[in-house]
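Per-entry structural report
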Amino acid sequence: MPSLFPTASTLSATFGLSSPFAQPALPTKRSPYAARSDLYGSWDVLEDAKRTTNKVGNEVAKEYTKLSNEAQAKAGKIELYSAKYYAACTFGGMMACGLTHWAVTPLDLVKCRRQVDSKTYTSNIDGWRKIIAADGTRGIYTGGSPTFFGYSIQGALKYGGYEFFKKFYSDLAGEENAVRYKTWIYLAGSASAEFFADIGLCPLEAVKVRMQTTIPPFATGTLNGINKIVAAEGVAGLYKGLYPLWARQIPYTMMKFASFETIVESIYHNLPGQKSDYSKGAQTAVAFTGGYAAGILCAIVSHPADVMVSKLNSNRLPGEAAGKAVGRIYKDIGFAGLWSGLPIRIVMIGTLTGLQWMIYDSFKIFMGLPTTGGAAPPKESATEKVKDAVVGQQNS
């Protein structure tokens with residue numbers, strides 16, 4: 001007799017596909033809707049941004065290369081260590097120093113005022129707030145004009161002079177000794193360059209410091225400040241801070257150039273390949289890194305003299321001898337006072353030096369010249385290799 005109930009096989013055949021455990025596999029092919037780009041608009045925006053950035057970057061690179069080629073064609077071939085080479089380095093130094101020193105005027109202003117009187121402001125932010133409240137936003141750039149002109153002159157003489165004196169002392173030492181005692185060459189070359197650079201800087205530095213350390217400012221601008229100093233003290237008044245300036249700037253520049261050359265050489269030594277293997281952008285990045293590290297050392301070495309320069313330009317008595325003035329000021333501030341404002345100066349000088357080397361080396365690249373530092377020792381020539389091989393055979 002047939003059963004009134006369906007068999008298990010019948011139930012399975014009829015309702016098996018309805019079981020949650022027997023669902024057919026989902027199709028692996030994406031549906032048309034899943035592939036629609038308008039459902040993923042954010043990804044399109046990112047891709048468009050990337051494409052636009054790459055396009056703009058390529059256009060900028062092309063324009064830069066075009067301008068560089070035009071400048072090199074106009075200047076003609078620049079031989080290393082020729083008069084044209086030193087002129088290019090001088091112009092690059094002027095560009096590197098004038099703009100960067102002007103840019104950090106707000107930091108320099110507060111630093112100078114705190115060096116002269118540490119109670120003037122409780123902090124850098126407090127200083128900027130009070131200056132803006134009293135003189136407006138332009139007030140934080142008090143002394144900016146003599147800063148720009150003074151350090152443009154100084155940068156031109158310093159960088160151009162360094163390239164000249166480095167070659168001069170290398171030739172005096174001879175090829176072998178120049179490589180062996182290269183650090184001493186860097187130190188001597190930078191010290192000689194800074195000696196002359198400070199003579200150009202000193203009058204404008206005197207105006208800058210007086211404008212920044214007096215409230216209200218000593219003068220309304222560069223020419224007004226120079227005229228006031230000459231009228232009151234004669235031309236000698238513009239140079240009364242020269243010895244302290246030398247004491248500050250010569251050790252600073254010696255550390256700046258020697259440590260930069262050494263740091264950059266060390267960076268390339270620890271990177272794979274040779275310096276020439278790296279792009280222009282990579283070489284300028286190395287220049288900034290080496291410059292920033294060198295700037296930190298510069299700030300520490302030169303800071304006591306920097307404090308003394310600020311004090312002398314603001315507190316030196318008429319007719320007072322430099323040595324006597326230094327002794328009197330040191331007695332007032334003590335050893336600790338020589339280090340007032342050091343943290344902000346480390347930030348300022350580190351950034352400043354890094355940017356200066358980056359701008360300077362970028363300009364050298366623009367003019368088709370090699371960047372500073374990191375050059376590998378000269379390779380042995382083919383003639384010397386043959387000579388060494390012959391000598392080796394004879395000895396064997």
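Remember, it's a predicted structure, so these values are computed and weren't measured experimentally. (Residues numbered from 1 in each chain as written. Predicted model: local features only at pLDDT ≥ 70, side-chain atom pairs only at ≥ 80, totals over all residues. Heavy atoms only, no water.)

1. A word on the nonpolar core
- Counting residues in hydrophobic clusters, the biggest one holds 26 residues, and the most contacted among them are Tyr 85, Tyr 159, Phe 260, Trp 357, Tyr 360, Met 367 and Leu 369.
- Counting residues per element, the ones that place at least two in this core are α3 (83-103), α6 (144-173), α8 (182-213), α10 (242-270), α11 (280-315) and α13 (342-366).
- Excluding residues that lie within four positions of it along the chain, Met 367 makes contacts with Ala 71, Gln 72, Ala 75 and Ile 78.
- Tyr 151, Cys 202, Leu 242 and Ile 250 belong to the second-largest nonpolar core, a separate cluster that totals eight residues. (Core = buried A, V, L, I, M, F, W, Y, C linked by side-chain atoms within 4.5 Å. Buried < 20%, exposed > 50% of the residue type's maximum accessible area, 1.4 Å probe, protein only. Helix = DSSP H or I, 4+ residues; strand = E, 2+ residues; numbered from the N terminus. Contact = heavy atoms within 4.5 Å.)

2. Here's the deal with the pattern of salt bridges
- Inspection of every chain in the model, using the stated rule, returns 16 salt bridges.
- With a closest N to O distance of 2.6 Å, Asp 108 and Lys 208 form a salt bridge. One end of the pair, Asp 108, is in helix α4 (residues 105-116); the other, Lys 208, is in helix α8, with 100 residues separating them in the sequence. Per residue, the accessibility class of Asp 108 equals that of Lys 208, and both read buried.
- A salt bridge links Glu 194 to Lys 158, with the nearest nitrogen and oxygen atoms 3.9 Å apart. You can see Glu 194 sitting in helix α8 and its partner Lys 158 sitting in helix α6, a full 36 residues away along the chain.
- If you follow the salt bridges from partner to partner, you end up with Asp 108, Lys 111, Glu 205, Lys 208, Arg 248, Asp 306 and Arg 345 in one network. (Salt bridge = Lys/Arg side-chain N within 4 Å of Asp/Glu carboxyl O.)

3. Some details on helix α9 (residues 222-233)
- If you check α9, its first and last C-alpha atoms are 16 Å apart, about what 12 residues at 1.5 Å a residue would give, namely 16 Å.
- Buried within α9 are the following residues: Thr 222, Gly 225 and Ile 229. Along the axis of α9, the buried residues cluster in a sector spanning 70°; they form a single face. Opposite the buried face of α9, by more than 90 degrees, sit the exposed residues Leu 223, Asn 227 and Ala 231.
- Buried-residue contacts for α9 involve α6 and α8.
- Gly 234 sits one or two residues past α9 and shows a positive phi near 80°. (Expected span 1.5 Å × (residues − 1). Arc of directions from axis to C-beta.)

4. Some remarks on the confidence of the model for the protein
- This prediction gives the protein a mean pLDDT of 83; 83% of its residues lie at or above 70.
- Put simply, helix α14 (residues 382-395) is where the protein has its lowest mean pLDDT, 44, and α6 is where it has its highest, 96.
- Counted against residues more than four places away or in other chains, residues 376-396, with its pLDDT under 50, gives four contacts. (pLDDT = per-residue confidence, 0-100.)

5. Quick word on the packing of α4 against α13
- The geometry of α4 relative to α13 is characterised by a closest axis approach of 10 Å and an angle of 155° between their N-to-C directions. Here α4 lies roughly antiparallel to α13, going by the angle between them. The crossing of α4 and α13 is left-handed. Every residue of α13 that contacts α4 at Leu 107, Asp 108 and Lys 111 is listed here: Ile 344, Arg 345 and Met 348.
- A breakdown of the residues in the contact of α4 with α13 according to their chemical character gives three nonpolar, no polar and three charged. (Axes fitted to C-alpha atoms, helices over the stretch in contact; angles between N-to-C directions. Parallel < 35°, antiparallel > 145°, perpendicular 65-115°, else oblique. Left-handed = near helix turned anticlockwise from the far one by under 90°. Nonpolar A, V, L, I, M, F, W, Y, C, P; charged D, E, K, R; others polar.)

6. Concerning empty space enclosed by the protein
- Within the structure shown, the criterion is met by two cavities of 30 Å³ or more.
- If you trace the largest cavity, you find 17 residues lining it, with His 101, Tyr 151, Arg 248, Met 348 and Ile 349 closest to the centre.
- Mapped onto the lining of the largest cavity, the elements with two or more residues apiece are α4, α6, α8, α10 and α13.
- Residue contributions to the lining of the largest cavity peak at four residues, all from α13. (1 Å grid on protein atoms, 1.4 Å probe; cavity = no way out; pocket = protein on both sides within 12 Å on 5 of 7 lines; lining within 4 Å. Points joined across faces, edges and corners; volume = space filled by probe spheres on them.)

7. A closer look at a nonpolar patch on the surface
- The grouping of Phe 195, Phe 196, Ile 199, Val 230, Val 235 and Tyr 239 at the surface amounts to a nonpolar patch, some 480 Å² of accessible area in total.
- No other element matches the three residues that α8 contributes to the nonpolar patch.
- Given the relative accessible area of 46%, Phe 196 is considered partly exposed. (Patch = residues over 30% accessible without salt bridge, like charges linked within 9 Å, V, L, I, M, F, W, Y side chains within 5 Å. Areas by Shrake-Rupley, 256 points an atom, 1.4 Å probe, with all protein chains shown as cover.)

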